[in-house]
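Residue-level listing of the chains:
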Amino acid sequence: MQKILLIFLLLTITISGFAEISTGKAVLFSLVVPGSGHIYMKNYNKGGIYLGMDLAIILSYFRLDAEKKWKIDSFHHIAEQSAGLNPNSSDRIYQNAQNYISREEYNNEIIQTARNYFLIGLEDQEAYEEYLNTNLLPEENDWHWDNSRDWEKYKDLRRDKQDLEIYSNFAIAATILNRIVSTIDAMVTSKQIKEKLDNVKIEPNLRKNGLQVSYEIQF
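Residues numbered from 1 in each chain as written. Predicted model: local features only at pLDDT ≥ 70, side-chain atom pairs only at ≥ 80, totals over all residues. Heavy atoms only, no water.

**Details of the packing of aromatic side chains**
Throughout the structure, instances matching the rule amount to nine aromatic pairs. Here Trp 145 and Trp 151 contribute two aromatic rings whose centre-to-centre distance is 6.5 Å and whose plane-to-plane angle is 15 degrees, an arrangement assigned as stacked. These aromatic residues form a ring-pair network of at least three members: Phe 75, Tyr 94, Trp 145, Trp 151 and Tyr 154. If you follow Lys 155 out to its NZ or CZ, it ends over the ring of Trp 151, 3.8 Å from the centre. Arg 158 extends its terminal NZ or CZ atom over the ring of Phe 75, reaching a point 5.0 Å from the ring centre. (Phe/Tyr/Trp six-rings, centres within 6.5 Å; stacked < 30°, edge-to-face > 60°. Lys NZ or Arg CZ within 6 Å of the ring centre and 35° of its normal.)

**Overview of a negative patch on the surface**
A grouping of Asp 124, Glu 126, Glu 129 and Glu 130 is seen on the molecular surface, where their side chains present a negatively charged patch. With respect to the helices and strands, Glu 130 occurs in helix 7 (residues 125-135). Exposure remark for Glu 130: the relative accessible area of 52% places this residue in the exposed category. (Patch = residues over 30% accessible without salt bridge, like charges linked within 9 Å, V, L, I, M, F, W, Y side chains within 5 Å. Areas by Shrake-Rupley, 256 points an atom, 1.4 Å probe, with all protein chains shown as cover. Salt bridge = Lys/Arg side-chain N within 4 Å of Asp/Glu carboxyl O. Lys, Arg positive; Asp, Glu negative; His and termini not counted. Charge placed at Lys NZ, Arg CZ, Asp CG, Glu CD. Helix = DSSP H or I, 4+ residues; strand = E, 2+ residues; numbered from the N terminus. Buried < 20%, exposed > 50% of the residue type's maximum accessible area, 1.4 Å probe, protein only.)

**Details of the nonpolar core**
Leu 85, Trp 143, Trp 145 and Tyr 154 are the most contacted members of the largest nonpolar core, which totals 22 residues. A per-element tally of this core places helix 6 (residues 103-121) first, with four residues. The contacts of Trp 145, once residues within four sequence positions are left out, are Ile 78, Ala 79, Ser 82, Ala 83, Ala 97, Tyr 100, Ile 101, Asp 150, Trp 151 and Tyr 154. Among the nonpolar cores identified, the runner-up in size contains five residues, and Ile 21, Ala 26, Met 41 and Ala 186 belong to it. (Core = buried A, V, L, I, M, F, W, Y, C linked by side-chain atoms within 4.5 Å. Contact = heavy atoms within 4.5 Å.)

Next up, the structure:
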């Protein structure tokens, strides 16, 4: 009889513990750290999956970010050594150095485009000069690729850097999505646990020296 009462007491405490689960806490925990809401509800399998996914995504992001920085340092070095580009240049200048063999070639295209559009098309001298003042690059931003092999390597590194930026954005989106899915799942799981516990009844059966467990199913 004492064993039966002890088991009854333990089951009652366990069920009461589950009944006190807060959906709000489960949702908040999952929103901050995916999987923590499930661990709070003692659903360790799901909690481990969501938490593991989040850690893997975060580690991937930092790896991608480190690789991106290495690519940037590499193409900066090549541009400075092989093309004479000013190391203090903006990313716009580095982009132009990817598309044009020299500042002179870039400026010539700007002049030609402005002449065709503003002088021949619109016959607007003032707009033509304003456009040149805005878009022509000064001598301090000079560069010239003498080695086509280095230029191609530079282009490859720039493209790799741009790809890594896209992958990093995907990683950020994945962490957000993992939190949304984990939060929704935690909310649903919490409600399911409460609904099941509301239908469970455990009573000692003294006549049969045992416990009577009943579960109500509504149709």
